[in-house]
Amino acid sequence: QLEWLMADLKEANTPESRDRRPWIVAYGHRPMYCSNKECNDANPNAVRSSLEPLMKNNRVDLIFEGHEHSYERTFPVYDQVRTEVGFVNPTAPVHIIAGAAGCYEGIAPEKSLRSPWSAFANGLPGYTGYGHLAAVNATHLYWDQVLSEHDGYVLDSFWLVQEHHGKF
């Protein structure tokens, strides 16, 4: 699987591929970053140590992860350090834990103190939801997280702007 991922990311970063599809969005099950009190079962350190350098070195813009039954969005982050405060021309990926769709176990317990790399986090009971991702154009992505039980209330949203696709 790792060989396939490395080859796929190499192909995605060719000038021809970036011209056709400038954004690189990755998906994974276990999160690299998580503020939940009981996040240890997701083993973020192991995931981070094995995949994070590959994602940054191949200029992945956005990473969706799950496992945790909550919603969280990071600032651009690498090696547990927030690289920017905003989302314009970041030099590291943004991570979204999109695990708030609900399950029989319920939403994850309350968050611990948020880390400096966490831009938004919500794990309160009753806040299940889903997200919309729009690749508006070659330089702008838009994301919003919508609450299911609250008439489509937008819980969180942000614009990711990248005018310099390619290596960080």
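Residues numbered from 1 in each chain as written. Predicted model: local features only at pLDDT ≥ 70, side-chain atom pairs only at ≥ 80, totals over all residues. Heavy atoms only, no water.

### Looking at the packing of aromatic side chains
So, point 1. This structure, assessed with the given rule, holds 7 aromatic pairs.
So, point 2. Here Phe64 and Trp143 contribute two aromatic rings whose centre-to-centre distance is 5.0 Å and whose plane-to-plane angle is 55°, an arrangement assigned as tilted. Here the residue Phe64 occupies a position in strand β2 (residues 62-65), and Trp143 occupies one in strand β9 (residues 140-147), the gap between them amounting to 79 residues. We note that Phe64, like Trp143, is buried.
So, point 3. Considering the side-chain rings of Phe87 and Phe158, the 4.9 Å spacing of their centres and the 50° angle between planes classify their relative orientation as tilted. You can see Phe87 sitting in the loop between β5 (81-82) and β6 (94-98) and its partner Phe158 sitting in strand β10 (residues 154-161), a full 71 residues away along the chain. With respect to class, Phe87 is no different from Phe158; both count as buried.
So, point 4. An aromatic cluster of three or more residues is present, and its members are Tyr27, Phe64 and Trp143.
So, point 5. For the cation-ring pair, Arg82 lies above Phe75, with the distance from its terminal atom to the ring centre recorded as 5.0 Å. (Phe/Tyr/Trp six-rings, centres within 6.5 Å; stacked < 30°, edge-to-face > 60°. Helix = DSSP H or I, 4+ residues; strand = E, 2+ residues; numbered from the N terminus. Buried < 20%, exposed > 50% of the residue type's maximum accessible area, 1.4 Å probe, protein only. Lys NZ or Arg CZ within 6 Å of the ring centre and 35° of its normal.)

### As for unusual backbone geometry
So, point 1. The phi torsion at Gln80 lies on the positive side, around 65°, for a residue other than glycine.
So, point 2. Phi is positive for Asn89, close to 50°, though the residue is something other than glycine.

### Some thoughts on the pattern of salt bridges
So, point 1. According to the stated counting rule, one finds 2 salt bridges in the structure shown.
So, point 2. Notably, a salt bridge pairs Arg18 with Asp61, separated by 3.8 Å at the nearest N-O pair. Of this pair, Arg18 sits in helix α2 (residues 15-20) while Asp61 sits in the loop between α3 (44-57) and β2, placing them 43 residues apart in sequence. Assigned by exposure class, Arg18 and Asp61 land together as buried.
So, point 3. With a closest N to O distance of 2.7 Å, Asp156 and Arg73 form a salt bridge. Here Asp156 is found in strand β10, whereas its partner Arg73 is found in strand β3 (residues 71-74), with 83 residues between them in sequence. This pair shows no difference in class: Asp156 is buried, exactly as Arg73 is. (Salt bridge = Lys/Arg side-chain N within 4 Å of Asp/Glu carboxyl O.)

### Describing the sheet that holds β6
Two pairing modes exist for strands in a sheet, parallel and antiparallel, and in both the strands are linked by backbone hydrogen bonds.
So, point 1. Strands sit in the order β1-β2-β6-β3-β7 across an open sheet of 5 strands; the sheet is mixed. The open sheet terminates on both sides in strands that have one partner only, identified here as β1 (25-27) and β7 (118-122). Between one strand and the next, the sheet's axes are offset by a mean angle of 10°, whatever the strand orientation.
So, point 2. Pairing of β2 with β6 involves 4 bridges; the strand directions are parallel. Within the sheet, the bridge partner assigned to Phe64 lies in β6 and is Ile96. (Pairing = 2+ DSSP bridges. Axes fitted to C-alpha atoms, helices over the stretch in contact; angles between N-to-C directions.)

### Comments concerning the environment of Leu2
So, point 1. Position of Leu2 among the secondary structure elements: in helix α1 (residues 2-12).
So, point 2. Relative accessible area serves as the criterion here: at 46%, Leu2 is assigned to the partly exposed category.
So, point 3. In contact with Leu2, other than residues within four places in its own chain, are Leu51 and Leu54. (Contact = heavy atoms within 4.5 Å.)

### Concerning the sheet that holds strand β8 (residues 129-135)
So, point 1. One open sheet holds the 3 strands; their spatial order is β8-β9-β10, and the pairing between them is antiparallel. Each edge of the open sheet carries a strand with a single partner, namely β8 and β10. Mean inter-strand twist for the sheet, computed between neighbouring axes without regard to direction, equals 10°.

### Observations regarding the pairing of β9
So, point 1. Most of β9 sits inside the fold, with 6 of its 8 residues counted as buried.
So, point 2. Where β8 lies against β9, 7 bridges are found, and the strand directions are antiparallel. Bridging across to β9, His132 finds its partner in Asp144.
So, point 3. The turn linking β8 back onto β9 is made up of 4 residues.
So, point 4. Of the pairings in the sheet, the one linking β9 to β10 comprises 7 bridges and is antiparallel in character. When the sheet's bridge partners are listed, Leu141 is paired in β10 with Leu160.
So, point 5. Counting the residues in the hairpin turn of β9 and β10 gives 6 residues, including Asp151, whose phi is positive at 50°.

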